[in-house]
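# Report on the structure
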There are 2 protein chains.
Amino acid sequence: MAVDGETMLIKDASIVEGGRLCRDVNIAIDGGRIAGIGPGIKDESGDGEVIDGRGKLAIPGLVNAHTHLAMTLFRGYADDMELMPWLSEKIWPLEAKLTAEDVRWGTKLGCLEMIRSGITCYNDMYYFMDETAEATKEMGLRAFLAEVVFDMRPDQIEGVEPFVRRWKNDDLIVPAVGPHAVYTCSEETLLKTKEIAEEHDLLLHIHLSETRSEVESFEKSSGKSPVEYLDSIGFLSDRVVAAHCTWLSPKDVSIIAERGVSVAHCSISNHKLASGIAPLDRLQEAGARICLGTDGASSNNSLNLFQEMKTTAIAQKCAHSRPDLFAAGEVWRMATENAYIAFRLDMGLRAGAIADLSLIDLKKPWFCPLADDNIVSHLVYSAQGGVDTTIVGGRVLMRDGVIPGEVVILDRAQEQFNDLLAR
Amino acid sequence: MAVDGETMLIKDASIVEGGRLCRDVNIAIDGGRIAGIGPGIKDESGDGEVIDGRGKLAIPGLVNAHTHLAMTLFRGYADDMELMPWLSEKIWPLEAKLTAEDVRWGTKLGCLEMIRSGITCYNDMYYFMDETAEATKEMGLRAFLAEVVFDMRPDQIEGVEPFVRRWKNDDLIVPAVGPHAVYTCSEETLLKTKEIAEEHDLLLHIHLSETRSEVESFEKSSGKSPVEYLDSIGFLSDRVVAAHCTWLSPKDVSIIAERGVSVAHCSISNHKLASGIAPLDRLQEAGARICLGTDGASSNNSLNLFQEMKTTAIAQKCAHSRPDLFAAGEVWRMATENAYIAFRLDMGLRAGAIADLSLIDLKKPWFCPLADDNIVSHLVYSAQGGVDTTIVGGRVLMRDGVIPGEVVILDRAQEQFNDLLAR
């Protein structure tokens with residue numbers, strides 16, 4: 001397998017350009033970046049690996065804008081419950097027993113699923129972030145990682161800067177700062193996280209206005225909506241990635257758009273927990289940047305942006321009684337280009353961009369019939385996985401459906417889950 | 001490959017029993033039926049084919065309770081449009097040019113996708129039903145087929161009885177009677193279809209209360225809701241499979257439950273066309289039988305009941321602000337047991353039942369971690385296809401992910417679509 005610095009040529013693949021299918025394209029990869037893309041492009045070194053792209057569609061990497069990856073270990077552990085009993089009877093007691101080793105295997109398990117569905121980069125907030133960082137590097141994915149900060153756990157904010165220093169110059173791991181939410185962090189904590197983020201030029205990852213009751217009780221005690229409050233203390237900017245944003249007033253929507261905040265919309269999680277349907281129509285009208293996240297596998301229960309794209313599009317159409325809204329191309333942008341801007345990633349299928357991409361097998365029923373102008377529709381509405389090759393930073397993580405070591409990881413994750421339950 | 005009458009033994013598979021994972025089970029198949037199931041069950045003939053079930057989950061066949069399979073040829077042809085322009089500018093002009101050959105390849109294409117997602121039986125209403133029947137038989141699936149009946153096309157009702165006589169004794173094809181809807185069929189037509197269905201003891205397949213405007217305009221002209229009207233003419237009974245049922249009054253819900261009508265709920269299609277969210281909570285409370293359908297691939301754009309189960313569960317939770325409603329087990333039942341009752345199918349993983357089942361590879365990230373009590377959650381919320389073997393009536397249609405002849409069908413369907421567009 002090629003590693004950073006090695007060269008590689010994907011030959012005769014198809015790509016999407018301007019929403020249309022473009023066939024017989026070569027993609028040369030060198031030094032972890034796309035060296036050239038187009039018909040007839042060659043591997044300049046002449047001795048790189050050649051990947052046969054015939055019958056395959058190359059897509060740029062999808063970005064999972066909000067998750068808690070280690071919680072993949074809790075997949076299916078507790079479903080179909082009201083939010084508070086779910087948290088207090090199931091999730092929190094399990095998290096209280098959580099070890100670094102659990103996080104390590106939960107992370108690796110989550111990486112497997114993302115590699116299989118074309119996610120090359122994810123944005124995480126959780127505990128034991130050094131373990132998550134190491135496991136992610138071993139799997140070869142790119143990640144924005146933030147140790148979650150709560151007032152209840154005052155030690156955590158102390159750990160943020162050391163974590164940032166440890167990972168600041170890594171090629172795959174980008175440290176971020178993760179104040180949990182306005183109802184779990186004081187103003188002092190929020191401002192401190194903002195200060196750290198500005199000092200090191202990092203993203204701020206926060207949960208924002210996820211549930212109605214959370215927003216109502218915050219308003220009752222503070223007289224402001226969570227968004228208004230964050231704006232009033234100067235927290236909001238284009239370095240903020242705000243997960244959920246389900247319950248927003250028209251004023252909140254304007255603030256988010258004006259401040260350049262990136263919204264990480266989590267359609268499946270919001271539906272499964274019955275949190276509500278985010279006003280993506282108003283956010284989009286106001287010009288806000290919308291990205292897509294899976295949230296944790298404990299409330300999804302998948303880590304798959306193909307599912308997320310389809311659910312987002314159809315749920316928004318239905319909520320606004322407008323089948324013409326949220327067309328496939330717009331939703332595809334949320335999983336790709338919008339996220340590249342939000343996360344400041346030099347990504348996309350073009351020369352010079354980092355080589356984070358996947359190949360999808362087009363010889364599947366869900367891609368048939370194929371026309372020049374229906375490829376984005378197929379990606380959003382009918383693709384059922386089928387990603388067979390995933391490359392991050394020029395390194396092949398999965399080839400023809402095979403991820404080296406997958407079965408060992410599945411077995412270890414299973415053991416770790418059994419051990420956690422027995423603890 | 002085994003055919004009807006041959007024997008087969010699936011060894012050491014897992015199954016779901018009472019919602020729990022049950023390991024090391026053998027399933028003996030003989031004469032198209034399950035001859036025995038349990039630990040230590042043997043192939044009595046001693047010379048049947050043996051399928052290694054280790055690491056696999058056997059599930060009974062899923063039933064797609066409402067589709068228009070030949071429309072798989074229109075997948076991605078027109079999306080993101082308002083309903084009327086979608087129909088009048090895109091779908092109807094294409095259908096006006098439709099030939100039996102289009103239907104043949106659209107049907108085969110649709111069968112491929114269903115075989116890959118564990119659907120062993122589907123309920124269809126469309127044109128050129130003899131072609132659909134033949135193509136379905138060649139693919140080996142089970143189907144309930146009804147030539148659609150409209151008043152606009154008076155020849156069609158004349159064709160119903162001949163079609164019924166041609167297919168009445170087939171082992172895979174079950175003829176049904178398909179009056180399109182209350183707004184396209186006169187009372188005379190509806191009563192005639194009912195009479196034919198009763199005479200031959202067949203199911204009646206009809207679209208019912210799909211969109212708000214359809215229900216409102218029907219009420220305006222007739223003074224009754226479509227459900228009240230059908231009940232007033234004596235149309236409703238447990239032989240009726242009513243697709244959609246999105247817009248129902250409380251009285252409609254009671255009538256549907258009392259008459260034993262089976263509802264074919266199409267969550268993804270209803271969302272994508274922005275038709276609305278069906279009141280499954282009230283239907284369920286009233287004791288109505290709910291099954292799941294994909295509708296046609298022109299409005300879905302998939303034919304996958306795993307997607308349908310997840311979307312149904314999470315959309316209903318969100319619509320009723322109750323994450324505890326529509327638990328995985330209930331939704332699983334809609335795709336299986338409820339449908340077996342609705343379609344009078346002697347199905348399920350038990351001795352004597354018809355051998356319609358699939359094997360799913362459990363060694364995938366989305367089934368990890370696996371516990372005895374989370375298997376149904378995984379099937380509903382996290383399974384991403386992964387069906388690798390599908391058996392109908394004891395005949396293996398897909399083995400280890402391979403459907404013989406698949407690529408030829410994909411190529412032919414593509415050619416047929418190109419030809420249709422050029423016509």
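Residues numbered from 1 in each chain as written. Chains lettered and ligands numbered in written order. Predicted model: local features only at pLDDT ≥ 70, side-chain atom pairs only at ≥ 80, totals over all residues.

### Examining the overall build of chain A
Assigned secondary structure in chain A consists of 15 helices and 17 strands. Relative to the 2.2 N^0.38 estimate, which gives 22 Å for 423 residues, the radius of gyration of chain A is 21 Å and therefore close to what a compact globule would have. Projecting the C-alpha coordinates of chain A onto the three principal axes gives extents of approximately 65 × 50 × 40 Å. Burial statistics for chain A: of 423 residues in total, 60% are counted as buried. (Helix = DSSP H or I, 4+ residues; strand = E, 2+ residues; numbered from the N terminus. Rg over C-alpha atoms; globule rule 2.2 N^0.38 Å. Buried ≥ 20, exposed ≤ 12 C-beta atoms within 10 Å, placed from the backbone.)

### Considering the packing of helix H2 (residues 100-116) of chain B against helix H3 (residues 129-139) of chain B
Any two packed helices are characterised by how steeply their axes cross, that is the angle between the axes, and by the distance between the axes. Residue and element names in this part refer to chain B. At a minimum axis separation of 8 Å, H2 and H3 run at an interaxial angle of 35 degrees. Seen from above, H2 lies across H3 with right-handed handedness. For the pair H2 and H3, contact is made by Ala100, Val103, Arg104, Thr107, Lys108 and Cys111 and by Glu131, Thr132, Ala135, Thr136 and Met139, respectively. For the contact of H2 with H3, the per-class residue count stands at five nonpolar, three polar and three charged. (Axes fitted to C-alpha atoms, helices over the stretch in contact; angles between N-to-C directions. Left-handed = near helix turned anticlockwise from the far one by under 90°. Contact = placed C-beta atoms within 7 Å. Nonpolar A, V, L, I, M, F, W, Y, C, P; charged D, E, K, R; others polar.)

### Some details on the sheet that holds strand S14 (residues 289-292) of chain A
All names here are of chain A. Judged by pairing direction, the sheet is parallel, and its four strands sit side by side in the order S11-S12-S13-S14 without closing on themselves. Both edges of this open sheet fall to strand S11 (204-208) and S14, since each of them pairs with a single strand only. Going from strand to strand, the sheet's axes swing by 30 degrees on average, the running direction of each strand aside. In terms of strand pairing, S11 meets strand S12 (residues 240-244) through five bridges, oriented parallel. Residue pairing for S12: Leu204 is matched across the bridge by Val240. (Pairing = 2+ DSSP bridges.)

### What to know about the domain arrangement of chain A
When the parts of a complex come together, some accessible area is lost, and that lost area is often taken as the interface size. Residues and elements named next belong to chain A. Under the domain assignment, chain A is made up of domain 1 (7-61 + 355-406) and domain 2 (62-342). Taken together, the contact between domain 1 and domain 2 spans 22 residues of the former and 25 residues of the latter. Only strand S5 (56-60), helix H14 (375-382), strand S16 (387-392) and strand S17 (395-398) provide two or more residues apiece to the side of domain 1 that touches domain 2. Take the side of domain 1 that touches domain 2: its biggest share by element is five residues, from H14. (Domains from an automatic or database assignment.)

### Some thoughts on the interface of chain B and chain A
Each side of the interface is counted separately: chain B has 52 residues, and chain A has 52 residues. Every element with two or more residues in the side of chain B that touches chain A is listed here: H2, helix H9 (267-272), helix H11 (305-319), helix H14 (375-382) and helix H15 (406-422) of chain B. By residue class, the composition of the side of chain B that touches chain A is 26 nonpolar, 15 polar and eleven charged.

### Some remarks on unusual backbone geometry
Here the residue pair Cys368 of chain A and Pro369 of chain A is connected by a cis peptide bond, since its omega of 0 degrees sits within 30 degrees of zero. Looking at the element boundaries, Pro369 of chain A is found in the loop between strand S15 (357-361) and H14. Notably, Asp80 of chain A is not glycine yet its phi reads approximately 60 degrees, a positive angle. Take Asp80 of chain A: it is sitting in the loop between strand S6 (62-67) and helix H1 (83-96). Taking the number of C-beta atoms within 10 Å as the measure of exposure, Asp80 of chain A has 21 and is therefore buried. The backbone of Phe326 of chain B sits at a positive phi, close to 50 degrees, despite the residue not being glycine. One can find Phe326 of chain B in the loop between H11 and helix H12 (328-335). Using a count of 25 C-beta atoms within 10 Å as the deciding quantity, one classes Phe326 of chain B as buried.

### Points about the relation of the copies chain B and chain A
Overlaying chain B on chain A yields an RMSD of 0.0 Å, the required transformation being a rotation through 180 degrees with an accompanying axial translation of 0.0 Å. Such a combination of turn and shift is consistent with a two-fold rotation axis. Both copies present the same face, since 100% of the interface residues in chain B are matched by interface residues at the equivalent positions in chain A. (Least-squares fit on C-alpha atoms with pLDDT ≥ 70 in both.)

### Here we look at the environment of Lys137 of chain B
Residues and elements named next belong to chain B. Tracing the backbone through its elements, the reader meets Lys137 in helix H3. The partly exposed category is assigned to Lys137, around which 16 C-beta atoms lie within 10 Å. Each C-alpha atom of the pair Lys137 and Asp171 lies 9.1 Å from the other, and the pair is 34 residues apart in sequence. Not counting chain neighbours up to four residues away, the residues in contact with Lys137 comprise Leu172 and Ile173.

### Details of H14 of chain A
All names here are of chain A. For H14, a buried count of eight out of eight residues is recorded, marking the element as mostly surrounded by other parts of the structure. Buried residues of H14: Ile375, Val376, Ser377, His378, Leu379, Val380, Tyr381 and Ser382, and no others. Where H14 is buried, its residues contact strand S1 (7-17), strand S2 (20-30), helix H11 (305-319) and helix H12 (328-335).

### Some details on the environment of Tyr126 of chain A
Residue and element names in this part refer to chain A. Mapped onto the elements, Tyr126 comes out in strand S7 (residues 119-126). Under the C-beta neighbour-count criterion, Tyr126 is labelled buried, with 23 such atoms within 10 Å. For Tyr126 and Asp295, which are 169 residues apart along the polypeptide, the C-alpha to C-alpha distance reads 11 Å. With residues near it in sequence (within four places) discarded, Tyr126 still touches His68, Leu69, Ala70, Thr132 and Val148.

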